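Listed here are the chains, written in short residue letters.
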Amino acid sequence: MRNILIVDDHEVVRRGLRSLLAEKMPGTHFEEAATSAQAEAKILQDQWDLILLDLNLPGRNGLDVLTTARKHCPRTPVIVLTVFPEAEFALRAIKLGAQAYLNKQAAAEELIAAVNKVLAGGKYITPTLAQQLASALTADTPAAPHASLTERELQVLRLVALGKTTKEIAAELSLSAKTIATYRSRISAKTGLATTVSITRYAIQHHLVE
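Residues numbered from 1 in each chain as written. Predicted model: local features only at pLDDT ≥ 70, side-chain atom pairs only at ≥ 80, totals over all residues. Heavy atoms only, no water.

Draft legend 1. Region of interest: the overall build of the protein. When its secondary structure is counted, the protein shows 10 helices and 5 strands. The C-alpha radius of gyration of the protein comes to 17 Å, within 12% of the 17 Å expected for a compact globule of 210 residues. Intrachain contacts of the protein at a sequence separation of at least 6 include 65% that bridge at least 24 residues. By element, 54% of the accessible surface of the protein is carried by carbon and sulfur atoms, the whole surface being about 10,500 Å². (Helix = DSSP H or I, 4+ residues; strand = E, 2+ residues; numbered from the N terminus. Rg over C-alpha atoms; globule rule 2.2 N^0.38 Å. Contact = heavy atoms within 4.5 Å. Areas by Shrake-Rupley, 256 points an atom, 1.4 Å probe, with all protein chains shown as cover.)

Printed below as a string of structure tokens:
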């Protein structure tokens, strides 16, 4: 019997995915997680044949959960299924170890195809992502400024764009305010975004926040 973990902060999405996969994969056991903390706890406690992972989660984001999964269960395939377009997070997710990256607007048939492909030991690469990978290899297309950020710097940038204060970000990430200020300085140096307004505008323009 296969075990599949569905990680998404929206109950209706989790139920929809569960129903769709149960129809195509009878006998499968499903578990759900609505937050990054719940997801990481289940990843550490149980063994999974597949993890379906959203990026936009309460607490630590989906990329952090992906990193945890790769560390503790490196052979478990992960499919990132999110509202964020491939242009913004797909390459980063694949580099962190995801076997597929799909937008939630993808057809049900494409999701099933991706699930079957990764369960068979492969990667599911969409045409859009294939073009990104080719461009990255040949350096034909200049990378966006945020592509140079580390995972933590990108996370801080997104939280700033969501209106969080330095104190709130520090509490959410279990870091000191001084450390968050250091990340802000690094973000500014790498991207040229020095103010909260410019960070927010940039994040919205590049679809880094919902």
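This is not the end of the story, as more comes after the structure.
Draft legend 2. Expanded view of the sheet that holds strand S4 (residues 78-82). If you walk across this open sheet you meet the 5 strands as S2-S1-S3-S4-S5, and the pairing is parallel. Each edge of the open sheet is held by one strand with a lone partner, namely strand S2 (29-33) and strand S5 (100-103). Taking each pair of neighbouring strands and ignoring which way they run, the sheet shows an average axis angle of 20 degrees. Both strand S1 (residues 3-7) and strand S3 (residues 50-53) contribute to a ladder of 4 bridges, which runs parallel. (Pairing = 2+ DSSP bridges. Axes fitted to C-alpha atoms, helices over the stretch in contact; angles between N-to-C directions.)

Draft legend 3. Representation of the pattern of salt bridges within the structure. One pass over the full model with this rule turns up 9 salt bridges. Across the pair lysine 104 and aspartate 54 runs a salt bridge, and its minimum N-O distance is 3.4 Å. With lysine 104 in the loop between S5 and helix H5 (108-119) and aspartate 54 in the loop between S3 and helix H3 (62-72), the pair connects residues that are 50 residues apart, well separated along the chain. Residue class for aspartate 54 comes out buried when judged on its relative accessible area of 3%. In this structure, the salt-bridge partner of lysine 164 is glutamate 172, at a minimum N-O distance of 3.5 Å. Accessibility expressed as a relative area gives 34% for lysine 164, which makes it partly exposed. Take glutamate 172: its relative accessible area is 25%, and that puts it in the partly exposed class. (Salt bridge = Lys/Arg side-chain N within 4 Å of Asp/Glu carboxyl O. Buried < 20%, exposed > 50% of the residue type's maximum accessible area, 1.4 Å probe, protein only.)

Draft legend 4. The nonpolar core, seen in detail. Grouped together as the largest cluster of nonpolar side chains are 45 residues, with contacts concentrated most on Val7, Ile51, Leu53, Phe89, Tyr101, Val156 and Leu157. Among the elements that make up this core, the one with the highest residue count is helix H7 (residues 151-161) (6 residues). If sequence neighbours within four positions are ignored, leucine 157 has contacts with Leu149, Ile187, Leu193, Ile199, Ala203 and Leu208. Formed by 19 residues, the second largest nonpolar core is a distinct cluster that contains Leu20, Phe30, Ala100 and Leu111. (Core = buried A, V, L, I, M, F, W, Y, C linked by side-chain atoms within 4.5 Å.)

Draft legend 5. How the structure looks around H7. Counting buried positions along H7 yields 9 of 11 residues, so the element is predominantly enclosed. For H7, the set of buried residues is Glu153, Leu154, Gln155, Val156, Leu157, Arg158, Leu159, Val160 and Ala161. The inward-facing, buried residues of H7 contact H3, helix H4 (86-96), helix H8 (166-173), helix H9 (177-191) and helix H10 (196-205). One or two steps after H7, the chain reaches glycine 163, where phi turns positive at roughly 90 degrees.

Draft legend 6. Looking closely at the packing of H7 against H8. It is at 10 Å that the axes of H7 and H8 come closest, and there the two elements cross at 135 degrees. Relative to H8, the element H7 lies oblique. Here H7 runs over H8; the crossing is right-handed. Between H7, through Arg152, Gln155, Val156, Leu159 and Val160, and H8, the contact on the second element is made entirely by Ile169, Glu172 and Leu173. Classifying every residue of the contact of H7 with H8 by side-chain character gives 5 nonpolar, 1 polar and 2 charged. (Parallel < 35°, antiparallel > 145°, perpendicular 65-115°, else oblique. Left-handed = near helix turned anticlockwise from the far one by under 90°. Nonpolar A, V, L, I, M, F, W, Y, C, P; charged D, E, K, R; others polar.)

The analysis is restricted to geometry; functional conclusions fall outside its scope.
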